[in-house]
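Spelled out from the first residue to the last, the chains are:
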Amino acid sequence: MRVPILERLASGDVLVADGATGTMLQAAGLPTGMPGEAWVLERPEEILALHRAYLDAGTELILTSTFGGTRARLRAAGLAPQVAEISRRAGEVARQAAGDDRYVGGDIGPTGEMMPPLGKMTYEMAVEMFAEQAEALASGPVDCIYIETMGDLNEAKAAVEGAQQACDLPVFCTFSFDTHGRTGMGVTPVQAGQAMAQMGVQATGANCGHAPEEVLDILAEMRQAAPDAFLIAKPNAGIPRMVGRQAVYDAGPERMADLARRYAELGAVIVGACCGSSPEHIAAMAGAVCGGKG
């Protein structure tokens, strides 16, 4: 039986997170242009199989297949009316895979819309959308609300506030630093770390982004900005290049395993991977940080 996730992180042991969802589902046959969230309802067995593949590789924290599960993102696919059903069901499927021993994070990604002055999505609108998804995920049930790939600091704050309004679960939030050490909206690791600490976010760090080596410097900066927060490192498996019509990532399992070890040495207590990664990457990383069970 698992202990509460914050208690587990406080032990100092590295918690191994999972890897890519979207690219893995595409490899399993998800049609181009279809959001992975659609398969939560249409082909839950594929979602379950993906979770189990990562769990077998040594993952101890799997994320629900709901990165694009806000009402704004689902609207384009005609799935907005099912936003609560999708997140709730995704939590149930992930919990079925994880059982009583492993952890489930309720995954929330950006809305895909811009906030003022570049767009029309107000802070209040964003809070409402994030709260809607977080409430559904919490009923899954999940162990934490896991917000990721944030670039706009105001949107990240709205996501955190929405999650905190919706439930009493721990809230984690990571940013994608992909532009010379900043997010696409110019946010620095120090700014992100300080803002998340002020909002009471228990774990923060970097995911997705550019080259995974850049996360080393980002973690050091975030540690200084948020000394009491648990750190997360979940980068892409290298930098993608196009081979035909397919994006191929240049970091193999061995390179990611070496980086996982270095992330842990810098204080990261949640280590996983993002785009382009696979269960093979996670198995190597789990072995490197001695956190895997696979």
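The rules behind the values
Residues numbered from 1 in each chain as written. Predicted model: local features only at pLDDT ≥ 70, side-chain atom pairs only at ≥ 80, totals over all residues. Heavy atoms only, no water. Phe/Tyr/Trp six-rings, centres within 6.5 Å; stacked < 30°, edge-to-face > 60°. Helix = DSSP H or I, 4+ residues; strand = E, 2+ residues; numbered from the N terminus. Buried < 20%, exposed > 50% of the residue type's maximum accessible area, 1.4 Å probe, protein only. Lys NZ or Arg CZ within 6 Å of the ring centre and 35° of its normal. Pairing = 2+ DSSP bridges. Axes fitted to C-alpha atoms, helices over the stretch in contact; angles between N-to-C directions. Parallel < 35°, antiparallel > 145°, perpendicular 65-115°, else oblique. Left-handed = near helix turned anticlockwise from the far one by under 90°. Contact = heavy atoms within 4.5 Å. Nonpolar A, V, L, I, M, F, W, Y, C, P; charged D, E, K, R; others polar. 1 Å grid on protein atoms, 1.4 Å probe; cavity = no way out; pocket = protein on both sides within 12 Å on 5 of 7 lines; lining within 4 Å. Points joined across faces, edges and corners; volume = space filled by probe spheres on them.

Trainee: Explain the packing of aromatic side chains to me, please; I cannot follow it from the model alone.
Mentor: Think of a pair of aromatic rings as described by two things: how far the centres are apart, and how the planes are tilted against each other in angle. Inspection of every chain in the model, using the stated rule, returns two aromatic pairs. Here Tyr146 and Phe172 contribute two aromatic rings whose centre-to-centre distance is 6.3 Å and whose plane-to-plane angle is 70°, an arrangement assigned as edge-to-face. With a gap of 26 residues between them, Tyr146 in strand 4 (residues 144-150) and Phe172 in strand 5 (residues 171-175) connect regions that are remote in the sequence. Ring plane angle 35° and centroid distance 6.2 Å describe the contact between Phe175 and Phe177, whose orientation is recorded as tilted. For Phe175, a relative accessible area of 0% puts it in the buried group. In this structure, Arg43 packs its charged tip against the face of Trp39, placed 4.3 Å from the ring centre.

Trainee: Is there a simple way to explain the sheet that holds strand 1 (residues 15-16) in this structure?
Mentor: Think of a sheet as strands paired side by side through backbone hydrogen bonds, with each pair either parallel or antiparallel. Strand order in the open sheet made by the eight strands is 1-10-7-6-5-4-3-2, with parallel pairing throughout. The two strands at the open ends of the sheet, each matched to only one other strand, are strand 1 and strand 2 (61-63). The sheet contact formed by strand 6 (residues 203-208) and strand 7 (residues 230-235) spans six bridges and is parallel. Across the sheet, Cys208 pairs through a bridge with Pro235, a residue of strand 7.

Trainee: Would you explain the packing of helix 7 (residues 123-138) against helix 8 (residues 153-166) in this entry?
Mentor: Between two packed helices, the angle of one axis relative to the other and the distance separating the axes together describe the packing. In contact at an axis separation of 7 Å, helix 7 and helix 8 are set at 45° when each is read in the N-to-C sense. On the basis of their axis angle, the class for helix 7 and helix 8 is oblique. Viewed along their axes, helix 7 and helix 8 form a crossing whose handedness is right-handed. Where helix 7 approaches helix 8, its residues Tyr123, Ala126, Val127, Phe130, Ala131, Ala134 and Glu135 are matched on the opposing element by Asn154, Glu155, Lys157, Ala158, Ala159, Glu161, Gly162, Ala163, Gln165 and Ala166. Looking at side-chain class alone, the contact of helix 7 with helix 8 contains ten nonpolar, three polar and four charged residues.

Trainee: How should the layout of surface pockets be read in this particular structure?
Mentor: In this structure, the largest pocket occupies an estimated 900 Å³ of space. The wall of the largest pocket is formed by 41 residues, among which Thr21, Gly22, Thr23, Gln26 and Cys275 lie closest to the centre. In this structure, the second largest pocket spans a volume of roughly 200 Å³. Along the walls of the second largest pocket sit 14 residues, with Pro110, Gly151, Asp152, Glu155 and Met185 positioned nearest its centre. Class assignment for the residues of the lining of the second largest pocket results in five nonpolar, five polar and four charged.

Trainee: How should the packing of helix 11 (residues 253-265) against helix 12 (residues 279-289) be read in this particular structure?
Mentor: Interaxial distance between helix 11 and helix 12 falls to 8 Å at its minimum, and their mutual angle equals 40°. Classified by the angle between their axes, helix 11 and helix 12 sit oblique to one another. The chirality of how helix 11 crosses helix 12 is right-handed. Each of Pro253, Met256, Ala257, Ala260, Arg261 and Ala264 in helix 11 lies in contact with helix 12, whose residues at this interface are Glu280, His281, Ala284, Met285, Ala288 and Val289. The residue inventory of the contact of helix 11 with helix 12, partitioned by class, reads nine nonpolar, one polar and two charged.

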